[in-house]
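# Structural description and commentary
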Amino acid sequence: MAMNNQGRDSTPHAVTVDGEFVTFTGNKALQQEEALIFELDNPGAVGVDLEAPVTTKTRLGGVKTRASVGLPSLAEPDVVRHYTRLSQKNFAIDTTMYPLGSCTMKHNPRLNEKMARLPGFSDIHPLQPVETVQGALELIDQLAHWLKTLTGMPAIAMSPGAGAHGELCGLMSIHAALDARGESHRRRVLVPESAHGTNPATAAFCGFTVDTIPAEENGRVSVEAVKAKLGDDVACIMLTNPNTCGLFEPQIREIADAVHAAGGYFYCDGANYNAIVGRVRPADLGVDAMHINLHKTFSTPHGGGGPGSGPVVLSDALAPYAPLPFVVHGKNGFDLVEQAADAKGAKPFGRLKGFHGQMGMFVRALAYILSHGADGLRQVASDAVLNANYVLASLKDVMSASFDGPCMHEALFDDRFLKGTGVTPLDFAKAMIDEGYHPMTMYFPLVVHGALLIEPTETESKQTLDRFIATMRHLAEKAKAGDLAHFQASPRLTPRKRLDETQAARKPVLRWVKPAVPASAPVGVAQAAE
Amino acid sequence: MRYLPLTETDRSAMLATIGVDSVDALFRDVPEQARLKGPIAGLSNHMGELAVERHLSRLAAKNVTASSVPFFIGGGAYKHHVPASVDQTLLRGEFLTSYTPYQPEVTQGTLQYLFEFQTQVALLTGMDVANASMYDGATGTAEAVLMAARINKRNKVILSGGLHPHYREVVETTCGVMGMDIRAQAPDWKNAEDLTALIDGETACIVVQTPSLFGHLRDFTALCDAAHAKGTLVIVVVTEVVSLGLLTPPGEMGADIVVCEGQSIGNGLNFGGPYVGLFATRDKYVRQMPGRLCGQTVDADGKRGFVLTLSTREQHIRREKATSNICTNSGLCALAFTIHLSLLGEQGLTKLARVNHANAVTLADKLEAVKGVKIVNDGFFNEFTVKLPKKAAKVLSKLAERGILAGVPVSRFYPEMDGLEDLLLVASTEVNSLEDMDALVRGLEEVL
């Protein structure tokens, strides 16, 4: 019999299955099983108190009303508890290091959230008369000024809703500029094979054809490889810099010059701008257009997949084609240009989004920018690069670094160190989860085998990095010691073990449907999909 | 700097581990002439929290907030009351600071609410299946048009004159660059257009909206039948999603794709963004859908769990052959929508919709009593078009000077077009009191 330190029997009284402690409820203390909101239906309950309609008269013009929607009914405490319990099933920057390469998972300051909730920003309508929203337009103008000055670029389009939407904005500007030059035959876009998937998808989305540039042995794009692809049908190159291997492209100026000489434009994917903000201005690299992910470099929260914001800085050559709407300095303060006819000489290519862009994200980004200032932003890039190189230097003897350092803001490893162990990068990542870390990006970029891309960001302390490094070394050694079973069974301590993605795709169940007979078995077990 | 944990001691130790003298050495791949030697000139240096708060609060104070005045502006974004528990719950760090759920074992929270969101959207719209959100209603509409063209391999698109002009412009911009033939109809403020006659064997899709920009309510059942007979898809747009608590859902009318702006539920006005696009369709079209999808599955122990699925449609797998380039979408706005709709429930949503309609009916009745003012609509939900005896933009300005934000002059959307200058869109939701309405009536009587 096991005893606790007071001499009492501490043998689990619950049933065990395969040695695992099992509770009556299926809960594991802080880890609560949670049904779908639809299964918590409590007919008659209501979570919002509304006053009765002031009249029962209707003016519906004869259209029919609906019988019912089919939503469940719950009181507020049950709704709050439901979503709070769901939140406890997530890893997040607030709870753990989240070194997801290419995603820049840095600390999200709560000051940003507080500022975005000021009623003067959150409770104003996009179609209010401009004289009643002067502060909002001024804020957009200030953020635009910061982004233009930091990048050295003369113009900016603020409306894109996320990074991929920014890419679309940049490529449509290029499309419009080429049409204006009478060179609509330029429809080929050069994309390195290391590019984010959004790059070729965006090019295709704009009606361009994609031509892939192979990567060099050293993870870079060479000016020769670009020159070999140039021709008078090339619209632009889409180049990520620093690239997705976490490396700065040393020949970037030469590449930009070659593309310009051939009559093309240089679109820079700015997803990795965090590595160089305040230390390098993209304008000095020959960039014509670059999106800036405010939800990466400027700390607006990822929120489990958005909302983002992707303003695009533009060169003089592309500036006239920036989309509607935009803020201008007018006679009586700030004004908003919403119509092409009011664009005064510019030739906006159209409109990309309803209203004026992601204002809530603009407020957060400006709060972050003002907090850091020009000096602090430079320090951001310095510390981000320092942290990544520290991880690289501390792990390269036990994990296989894909390229020689120094790297920029992220360190790329591949699966050579796992060769012969049977452990895959996926297994390795799942073992990290049990140790309390969100995995790095896996299997991307595609230019190395079994990629493991680690981006610590500047907001991790040395103490945190040292613990992370020790954990990674431990796991790498465990893999090499032949403990394959440990990795293949990981994760064990999460609310759910490995999920069957094949079944999910083969027989898609994309919504809840009311069961014919109410389920009575414990939540989460017997209701498993058949 | 409060957000940067490294100390000078840490930095020195780390540089020693790396084996370089300075951080500058780590930037050696940057061309010499592009390396900045110090902070960029002309910009301020770092500030404490108090200073940032002062700066931004001053900007915020220059704006007139919707809650501070009698407020009747709609036009695709609506002022509703959002319960406090919505924002307080989504502010949990585990929601706010999590990434896209690529590792399902540690993101079941996000995945389960996306599954609930998809279900709610399917129920509201009367459709089979919905995705995990788009940037907003306008971009969702453009994606719907591209999806329709992928399905029937046709090129012609008909846009109703009742479609929100921003949605029309986004479709024209995004689908125009793909070479699609887009036939936008004239603004249909009289609710008189007949689109059936325009549909032919080349038409990929027809895009209609209810309530329309002008507030008109339409039943598209006959239109859907006529379109389907020609192999044309019908995309129904809803910019005021609360209306689906009262009116027949587009799915019951036969819509093929439904796109909504979801802002009205859970999300504030935020000067136009971020909002959340709802996107729903029929089961048979699911593999042509853009955006992320969450699906149910089981884990290694056979327990129910959720994952992102059907990713072979998406850019990170399919690259240039993807159905869309969308990646980051509106996750947190979708969560706000889901929590608010869960609080409302069946009874709450239905009642909210009736309160909205009742307020709009009351306001319309009051406005009709003002000399020279006419309500254009036969039927409406919570927004209608008012015909004034003077230019609406001028009337609006004068009312704004009196502290009343009365609506959207139609000329703001169509400045070049004759015959629309005296039309004003007026919305009334649950936030409007009878006193607000009387203030608008008095104001109008003064300025007309």
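About the thresholds
- Every chain's residues receive numbers from 1 upward, in the order its sequence appears when written.
- Note on labels: chains are lettered from A, ligands numbered from 1, in written order.
- In keeping with the model being predicted, local features are shown solely for residues with a pLDDT of at least 70 and side-chain atom pairs are shown and tallied solely at 80 or more, while totals for entire chains, interfaces and linings include all residues.
- Numbering goes from the N terminus for both helices and strands, where a helix is a DSSP run of H or I of at least four residues and a strand is a run of E of at least two.
- For every residue, the other C-beta atoms within 10 Å of its own C-beta are counted; 20 or more classify it as buried, 12 or fewer as exposed, and values in between as partly exposed. C-beta atoms are placed from the backbone.
- By the convention adopted here, residues make contact when the C-beta atoms placed from their backbones lie within 7 Å.
- Two strands are counted as paired when DSSP detects at least two bridges linking them.
- Interaxial angles span 0 to 180 degrees and are taken between N-to-C directions of axes, which are lines fitted to C-alpha atoms, for helices over the stretch in contact.
- We call two directions roughly parallel when the angle between them is under 35 degrees, roughly antiparallel when it is over 145, roughly perpendicular when it lies between 65 and 115, and oblique otherwise.
- Note on convention: the crossing is left-handed when the near helix lies turned anticlockwise from the far helix by less than a right angle, right-handed when the turn is clockwise.
- Polar here means any residue outside two lists: the nonpolar Ala, Val, Leu, Ile, Met, Phe, Trp, Tyr, Cys and Pro, and the charged Asp, Glu, Lys and Arg; Gly therefore counts as polar.
- Where each domain begins and ends is defined by an automated method or by a domain database.
- By convention a crossover is right-handed if, when the strands point away from the viewer, the path from the first strand over the helix to the second runs clockwise.
- When buried Ala, Val, Leu, Ile, Met, Phe, Trp, Tyr and Cys residues are joined through C-beta atoms within 7 Å, the set is termed a nonpolar core.

Now for the overall build of chain A. Scanning chain A from N- to C-terminus turns up 13 helices and 15 strands. Its C-alpha atoms give chain A principal-axis dimensions of roughly 85 × 75 × 45 Å. Expressed as a percentage of its 530 residues, the buried residues of chain A come to 56%. Within chain A, contacts between residues separated by at least 24 positions form 72% of all contacts whose residues are at least 6 apart in sequence.

Further remarks concern the pairing of strand E3 (residues 181–184) of chain B. Alignment of strand E2 (residues 156–159) of chain B against E3(B), held across 4 bridges, turns out to be parallel. Counted as the bridge partner of Ile158(B) is Arg183(B) from E3(B).

Before going further, it helps to spend a moment on the packing of helix H5 (residues 163–180) of chain A against helix H6 (residues 198–205) of chain A. Residues and elements named next belong to chain A. The N-to-C vectors of H5 and H6 enclose an angle of 45°; their axes lie 9 Å apart at closest approach. With respect to H6, the axis of H5 lies oblique. Here H5 and H6 pass one another in a crossing that is right-handed. In this structure, H5 contributes Gly-163, Ala-164, Glu-167, Leu-168 and Leu-171 to the contact, and H6 contributes Thr-198, Asn-199, Thr-202, Ala-203 and Phe-205. Among the residues forming the contact of H5 with H6, the class breakdown is 5 nonpolar, 4 polar and 1 charged.

Attention shifts here to the domain arrangement of chain A. All names here are of chain A. When its domains are assigned, chain A resolves into domain 1 (113–368) and domain 2 (375–500). A C-alpha centroid distance of 31 Å is found between domain 1 and domain 2. Taken together, the residues of the side of domain 1 that touches domain 2 break down into 9 nonpolar, 8 polar and 2 charged.

On to the sheet that holds strand E3 (residues 155–157) of chain A. Residue and element names in this part refer to chain A. Here we have 7 strands laid out as an open sheet, ordered E3-E9-E8-E7-E6-E4-E5, and mixed in their pairing. In the strand order of this sheet, the two ends are held by E3 and strand E5 (209–213), each with one partner. Geometrically, the sheet is characterised by an average inter-axis angle of 25° between neighbouring strands, direction not taken into account. On the sheet, H6 packs against strand E4 (188–192), E5, strand E6 (234–240) and strand E7 (265–269) and is oriented at approximately 175° with respect to E4.

Moving on, we come to the sheet that holds strand E11 (residues 383–387) of chain B. Residues and elements named next belong to chain B. Taken in spatial order, the 4 strands make up an open sheet running E10-E11-E13-E12, and their pairing is antiparallel. At either end of the open sheet lies a strand with only one pairing partner, and these are strand E10 (374–375) and strand E12 (408–409). Here E11 runs beside strand E13 (residues 423–427); their pairing, made up of 5 bridges, is antiparallel. Residue Val-386 lies in a different strand from E13, and its bridge partner there is Leu-424. Sheet strands in contact with helix H11 (residues 331–368) are E10, E11 and E13, and its direction is about 10° off that of E11. Running at roughly 45° to E13, helix H12 (residues 392–401) makes contact with E12 and E13 of the sheet.

All names here are of chain B. Along strand E4 (residues 203–209), 7 of the 7 residues are buried, which leaves the element largely enclosed by surrounding structure. Sheet analysis places E2 next to E4, joined by 4 bridges and oriented parallel. Across the sheet, Ile-158 pairs through a bridge with Ile-206, a residue of E4. Examined bridge by bridge, E4 and strand E5 (residues 233–238) share 5 bridges and lie parallel to one another. In the sheet register, Gln-209 faces E5, and the bridge partner there is Val-237. Taken together, E4, helix H8 (residues 221–229) and E5 constitute a β-α-β crossover, and its handedness is right-handed.

With that settled, consider the nonpolar core. Within the largest apolar cluster, 311 residues are counted, with the highest numbers of intra-cluster contacts made by Val145(B), Val234(B) and Ile235(B). Here this core takes 23 residues from helix H9 (residues 359–395) of chain A, the largest share from any one element.

Let's shift gears to the interface of chain A and chain B. Between chain A and chain B, the contact holds 178 residues from the first and 175 residues from the second. Taken together, the elements giving at least two residues each to the side of chain A that touches chain B come down to helix H1 (76–87), helix H2 (110–116), helix H3 (119–122), helix H4 (134–151), H5, H6, H9 and helix H13 (501–506) of chain A. If you tally residues by element for the side of chain A that touches chain B, the top one is H9(A), at 22 residues. Per-class residue counts for the side of chain A that touches chain B are 87 nonpolar, 62 polar and 29 charged.

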